[in-house]
Each structure stands twice: as structure tokens, then as C-alpha cells.
Number of protein chains: 2
Amino acid sequence: MPSQASPVPPPVFAATVSPVAVPRGDLTAQRSTRRVTLFPKYGACCEVDVRYLWCGAPDAPTIIVQGGISADRDAVTFGEQAAGWWQSFIGEGSTIDLDRFRVLSIDWLTPRDLGSAQAVSSEDQADALAALVEALGIDRVHAFVGYSYGGMTGLAFAARHPYALDRLVLLGSAHRPHPLATAQRSVQRSIVRLGLESGQPEQALALARQLAMTTYRGSEEFVRRFATAPEYRDGRFHFPVEDYLEQAGRRFVARFDIERYLALSESIDLHDVCPEQIPTATTLIGTPSDRLVPLADLCELQRRLQGSATLEVIDSPYGHDAFLKESERLAPLLRDALA
Amino acid sequence: MPSQASPVPPPVFAATVSPVAVPRGDLTAQRSTRRVTLFPKYGACCEVDVRYLWCGAPDAPTIIVQGGISADRDAVTFGEQAAGWWQSFIGEGSTIDLDRFRVLSIDWLTPRDLGSAQAVSSEDQADALAALVEALGIDRVHAFVGYSYGGMTGLAFAARHPYALDRLVLLGSAHRPHPLATAQRSVQRSIVRLGLESGQPEQALALARQLAMTTYRGSEEFVRRFATAPEYRDGRFHFPVEDYLEQAGRRFVARFDIERYLALSESIDLHDVCPEQIPTATTLIGTPSDRLVPLADLCELQRRLQGSATLEVIDSPYGHDAFLKESERLAPLLRDALA
């Protein structure tokens, strides 16, 4: 990426637009890249390649869908590909109905994409999405549906580009990170930095992911699954929950980059949006078992938003992961919010 | 420590009994060591030196006081010494009144003390205390007051030596660890093991302690103290909570041994006592902000105990640390329980 500050250049269109496999002939899908100009919060003006997926009924209203820091643009996939990270929520006839809407998602930017930036902010991600929306010729976005860091980015989008957005739907996202969650992520990043220093980066990334896994699910879910006796092997006791954590750590290392992890984890903790600046109609969805984003923070956000705001609470044992797993409970709430 | 299995030897009395500084002439204090015979749960019969503090009014009833895994026998100290870990609860005229009681505490045993044992159990600690009680000529213990791992040991004591104990007082302790807390401690131990492998054991122990610190205090306490903006220095953003965690990590490394930490942390997770086997009258004290030992587990324990059991709930923002800090709120409950 060029990092020099430059006058705002005309949009440069990517050379290739690769259509992805689509199940029915009347849906469109673009999996492509656009170059846009950004003014990063912690860096100088630069051009950035934004990788996106845009799919659904031709000319239908567009819904932006963004997930957590480990999600990518493939919220939904078609044909033979591995399932997208929100596959059970998006599709023809599904909760986000591709016969009625188009879905737009991007790969998260990192400081590497932003040239010499010190860090990447949720505002940068929002600005990249807004520039992409303009470049794609989308007049107004029907809705921004954001889960976790995606919802933080949605709040930043609504605060900075309210004219471009009709409604905001937040799942397990608030205007600021909870300081306890920041503490937990801070330790995760310190583990990774220690691993980088001591030449064991992959083991350290796996451990950081293990720690993250202890924060995602509800407390009762751990009791239901792991309240059994430990086993003595390889010179020490192994507790049932350890096998689960170790497997999750290994899987994460296989698919995630260390610098990316450090930067996006930090970006969550840098997130800070003033709710009073957001006029967009907003639906907040939370669950009491979410220990990363407590309901109290969603209540505060609802109270402080400038526009109309509805708080919906679902009962789920899955904690912060509820918004990936509870497709049936969430479907009526999402349909209402998108109507 | 000898590790050979041997016939039960006669108690060997330690050579030195060092009286500690005592504020008034009519109190006694022994800070000493006794050798006792143990049959460890995960090892062979061995002789063990038990380091203890026994202090208070001469011939008064004895109360055993045991704290968390980082506590030692110095629950209370006298004269010029640094304050004991439960100093604000114990003393002349204090909640545990040394004019009316004697307090007995030991340093936790580790597998190293137990010869070739694979691990140390809360039952081993309880058996060591029971053997010490007998060696000191104490007929019956008036009460076992245990906080955290100390309460786990109290439960093991009551299950295995009910004839020797009149009442049990548990602060933030249950019959088994919560699987989520086990997950958090498991990651802590993995961090330390990774540090040992990669030649950075002290940095790793500090990080493990940082992670532990995220589990001790209530969630709201983090908001109250750390909801302020980060600072950019030394090439990255530092969040206010990080400075708190890093200081706690450094302090811990200066006073704690790695092998000891690994063994006692594991011992918490190995703890598993059947409440139905405990006939002792028990007072359980908990707080809703304790995320390591949820109230639901104390409710289950109260329901399942064979003897009479009272559950007291205090309101505190300090989470699992409430039982170190809330001396005023706890005083009337402790006085009632010990009456």
C-alpha cells in the first residue's frame, strides 16, 4: 500500500471482478476489490484496497453485514465452498433474504493496509465501507447489521455517514469496550508479544485464542459441557475444558495471522463512539449470558442514542457467540428490524 | 522430603519453636514446624514438615484460618512485621478476637513437600492440618474459616475429620471449581509452561498473574477504575487497565515461586468434595460479584451439605477479593458464625 499523503485520487477500479458460484440464475454476486482513499484516524491519507463480497437480487436494497474480528467478507458462500461465517442467517428465503436484499461485506483492514498507520480504528473500517458504498453506486444503505466488532464499525458508520444509512442493527456491540474485556484482550495481546519475543509465536497465538474462548460462551455452557473429571496423561492432569481450548487454539493458528490479530484486537479496545452523535434508527440485541458486552452497556447505549433505539434481549446460553448460533431466536428480531 | 513409603512413624518435633513478636504479654504465638505423616492422594506415604503459626490467648479454643493459594501461614502478624494477609480480620478485640481464640494457619504444601507425588490435593492439605492439630494437642477445632482454596481445604477437612471440627465457615469456596474458572486457570498454567519452555518463565508468570487479576474483581469495579482513554507510548497504545495488570504481575513474580504456582493452581482444579459426606454445621458466605465462585454453586453446596448450612450473601463490588477487603461487612457474619 502506498503510504504517502496525496490529494484525493479518483477511484481506481480493480482489474478483476470474480463472480462467485451462485445457486440460482437470478442472483448476482461480486467478490472483488476496490481502491478507495482513506484518512485513517492514526495515520496519513492513503489509498486502500477494500476486498468485498456483494451478493443478492439485482438492484435490491443493500444490507451491510460485518462480524467479529475473525470474520471475513464471506458472510455467505454459494455452491461447493465452505460455509460463510453467517451462512445460517443469509440466503434465498432466509432471515436476510437474498431474493429481497443484497448483502455487502468487507475483509477488515489492518494497519498494514493503511500504510504507516499506528493502528486501525473502527472509524477507518466505517470510512472504507462508506467509500466502497459510494464507489459501487449505492445511494443509501438499507441497513448495517453488525456483530461484535462489526457492530462497533456500524456505530462509527452511523456517526460519520448518517446520510448514507437507513437503519442500524447491533448484535453484542456497544459504543465502547468494557474495561474488563479490554483487560482480557490486553493479556491476550501480551501473550502473543511474549511469544514473538521468545520465538514461539504460534504457540502464543494459540494460547491467546484459548483465553479468548473463555470469554465467548456463557458460564453455564461451561458447566453443561465440562463438569467431568480430569485425566492423568503425559505427566500431568488434563481437564476436559483444556482439550476444547487446545483444539480451538490450534484451529485458529491455522487460519489467522498474528499481526492481523494484534491489530484488530487492539482496534476493538480503541473503539469509542459518542452515541449522542448517532441519529440513525437502531435496534440493539443482547443476551444476559454475554460476558464480553454486558446488557448494562447496551442499556446505556440505548439511553444515549440520538435516534430511536430499541433494545431486544434474547435468552441464550451461548454468551457472545449467541449471535453466531441462535439463528432461530434471532430471525424474527432481525426481520422486524430490517422491515 | 523423604518419598519412600514407610510405616507410620512417631511424630518428630521440629527443633526450633520461634516465638514471634506479640503486642501484649498475655497472648502466645508459635511460628514453627512440625513433621507429620501423610498419605497423599496422588503419591505414597511420606513425612512432611508443616510450617504453621498458632497464636492467641493461652488455652483458648483454636480457629483454623486458611486463605487462597497465594496466602501463607502469616494470616496475622505482630509488632514491626509486614501485615498478615487477613490482618484486618484477626487481632485483640477484632472480628476473630485473639483474646478469646487462638488462630492456627499453615503454609500450603506442594508436591515437592510430598516426595514423589504427582500433585497435591485439598485433601492432603486437610490431612496435614488434622495431623498438626493432633500433634499440638488440640482436642477439637472450634472452627475452620477458609477463603477460596482455604475453604476447599476446610470442606476436605470436614469430610475426612468431622470428629475434630465444630463448625465450618466458607468464604468464596465451593465443593468443586467452576469449569469456566478451571478454563481460566488452565490457560494461566499453559502460559507459565510456555514461558518455561521458551526461557521466559518470569515474564510468563507475570502474565499468568495478570490473567488471574482479570478474574478476581467484580466487573463494575473495572468500569469504575479503568474507563478512561489509552495513551500512546513506546510504540503502541497502553490502556489504563494494563498498567494495573502489569504492576500486579511484577509484584507477584517478586514473591512467588513458579513450581508452587503451577501446583497450587492445579490443586484448586483437582478439588472435588462430596457435600453429602459433611455433617459439620456450615456457614457459606458469597457475593454476586464473585465471578470465580458463582452464587449458584454456593446454593448447590448449601442444598447438598449433610449438616445444617446457612448461606449469607454480601453486596460488594470486589468480587472474589471481597473476602480480603470487606472486613466491616463480614465482621457481624463471622462473629455470628463463630459464636
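The rules behind each value
- Residues numbered from 1 in each chain as written.
- Chains lettered and ligands numbered in written order.
- Predicted model: local features only at pLDDT ≥ 70, side-chain atom pairs only at ≥ 80, totals over all residues.
- Heavy atoms only, no water.
- 1 Å grid on protein atoms, 1.4 Å probe; cavity = no way out; pocket = protein on both sides within 12 Å on 5 of 7 lines; lining within 4 Å.
- Points joined across faces, edges and corners; volume = space filled by probe spheres on them.
- Nonpolar A, V, L, I, M, F, W, Y, C, P; charged D, E, K, R; others polar.
- Contact = heavy atoms within 4.5 Å.
- Buried area = accessible area lost by both parts, 1.4 Å probe.
- Salt bridge = Lys/Arg side-chain N within 4 Å of Asp/Glu carboxyl O.
- Polar contact = N/O pair within 3.5 Å; in protein donor to acceptor, adjacent residues only side chain to side chain.
- Helix = DSSP H or I, 4+ residues; strand = E, 2+ residues; numbered from the N terminus.
- Buried < 20%, exposed > 50% of the residue type's maximum accessible area, 1.4 Å probe, protein only.
- Least-squares fit on C-alpha atoms with pLDDT ≥ 70 in both.
- Arc of directions from axis to C-beta.
- Disulfide = S-S within 2.5 Å.
- Domains from an automatic or database assignment.
- Core = buried A, V, L, I, M, F, W, Y, C linked by side-chain atoms within 4.5 Å.

Explain empty space enclosed by the protein to me, and be specific about the residues and the numbers.
Scanning the model with the defined rule gives two cavities of 30 Å³ or more in all. If you add up the space inside the largest cavity, you get close to 50 Å³. Its residues assigned to classes, the lining of the largest cavity shows five nonpolar, four polar and no charged. Approximately 40 Å³ is the volume found for the second largest cavity. The wall of the second largest cavity is formed by Gln184(A), Leu211(A), Thr214(A), Thr215(A), Gln184(B), Leu211(B), Thr214(B), Thr215(B) and Arg291(B). Of the residues in the lining of the second largest cavity, the class split is two nonpolar, six polar and one charged.

An account of the interface of chain A and chain B is needed here, citing residue identities and associated values.
Residue-level contacts link 44 residues of chain A with 44 residues of chain B. In this assembly, chain A packs against chain B so that about 3,700 Å² is buried in total across both faces, 71% of it on carbon and sulfur atoms. It is Leu180(A), Phe237(A) and Phe239(A) that lose the most area in chain A upon contact with chain B, and together they represent 15% of the buried surface on that side. Taken together, the links from chain A to chain B amount to zero salt bridges. Linking chain A with chain B are five residue pairs in polar contact (both at pLDDT 80 or more), by the criterion used here. Of all the elements in the fold, those that place two or more residues in the side of chain A that touches chain B are α3 (179-197), α4 (201-216), α5 (219-226), β11 (236-238), α6 (240-255) and α7 (258-270) of chain A. Here the side of chain A that touches chain B takes 13 residues from α3(A), the largest share from any one element. Across the side of chain A that touches chain B, the residue classes tally to 22 nonpolar, 12 polar and 10 charged.

Residues and numbers for the pattern of salt bridges, please.
All names here are of chain A. For the structure shown, the criterion picks out 46 salt bridges over all chains. Between Arg31 and Asp74 there is a salt bridge, with its nearest N and O atoms 2.8 Å apart. With Arg31 in strand β2 (residues 28-38) and Asp74 in the loop between β4 (62-66) and β5 (90-91), this pair connects stretches of sequence that are 43 residues apart. Take Arg31: its relative accessible area is 25%, and that puts it in the partly exposed class. The partner of Arg176 in a salt bridge is Asp297, and the shortest N-O contact between them spans 3.3 Å. Placement of the pair is Arg176 in the loop between β9 (167-171) and α3 and Asp297 in helix α8 (residues 295-304), with a sequence separation of 121 residues. For the pair formed by Arg176 and Asp297, the shared burial category is buried. Because the salt bridges share partners, they merge into one network encompassing Arg176, Glu276, Asp297, Glu300 and Arg304.

Account for unusual backbone geometry, naming residues and giving values.
Trans is the prevailing form of peptide bonds, just as negative phi is the prevailing case for residues other than glycine. Residues and elements named next belong to chain B. For Ser148, which is not a glycine, the phi torsion comes out positive at approximately 60°. Looking at the element boundaries, Ser148 is found in the loop between β8 (143-147) and α2 (149-160). Using a relative accessible area of 15% as the deciding quantity, one classes Ser148 as buried. Residues other than glycine seldom take positive phi values, yet Asp234 does so here, at roughly 50°. Note that Asp234 resides in the loop between β10 (231-233) and β11 (236-238). Overall, Asp234 belongs to the exposed group, its relative accessible area being 70%.

Give a detailed account of the relation of the copies chain A and chain B, specifying residues and quantitative values.
Of the transformation placing chain A onto chain B, the axial shift is 0.0 Å and the rotation is 180°, giving an RMSD of 0.0 Å. On the angle and the small slide along the axis, the relation comes out as a two-fold axis. Identified as the residue of chain A closest to the rotation axis by C-alpha distance is Ser198(A), at 3.0 Å.

How would you sum up helix α8 (residues 295-304) of chain B? Please name residues and give values.
Residues and elements named next belong to chain B. Buried residues of α8: Asp297, Leu298, Glu300 and Leu301, and no others. In an axial view of α8, the angular spread of the buried residues amounts to 160°, which keeps them on one side of the axis. Those residues of α8 hidden inside the fold are in contact with α2, β9 (167-171), β12 (281-286) and β13 (309-313).

Summarise the state of the cysteines; cite the residues concerned and give the values.
Applying the stated rule across the entire model yields zero disulfides over all chains. Free of any disulfide, Cys274(A) has its nearest neighbouring cysteine sulfur in Cys299(A), separated by 18 Å.

Got a sec to walk through the domain arrangement of chain A? Specific residues and values, please.
Interface size is commonly expressed as the accessible surface area that is lost when the partners come together. All names here are of chain A. Splitting chain A by domain gives domain 1 (12-175 + 272-338) and domain 2 (179-267). A C-alpha centroid distance of 26 Å is found between domain 1 and domain 2. Listed by partner, the interface residues are 24 residues for domain 1 and 23 residues for domain 2. With both sides pooled, the region where domain 1 packs onto domain 2 buries about 1,800 Å², and carbon together with sulfur makes up 51% of that total. Of all residues in domain 1, the largest losses of buried area upon contact with domain 2 belong to Ile69, Arg291 and Leu292, amounting jointly to 35% of the total for that side. Connecting domain 1 to domain 2 are two salt bridges. Between Arg217 and Asp321 there is a salt bridge whose closest N-O contact spans 2.7 Å. For the pair domain 1 and domain 2, the number of links is 10 residue pairs in polar contact (both at pLDDT 80 or more). Taken together, the residues that form the side of domain 1 that touches domain 2 break down as 10 nonpolar, nine polar and five charged.

Just give me the short version of the nonpolar core, but keep the residues and values in it.
Core analysis: the biggest nonpolar cluster contains 132 residues, and Leu104(A), Phe157(A), Leu104(B) and Phe157(B) have the highest contact counts within it. Excluding anything up to four places from it in sequence, Leu104(A) contacts Tyr52(A), Leu53(A), Trp54(A), Thr62(A), Ile63(A), Ile64(A), Val65(A), Gln66(A), Leu132(A), Val133(A), Leu136(A) and Ile138(A).

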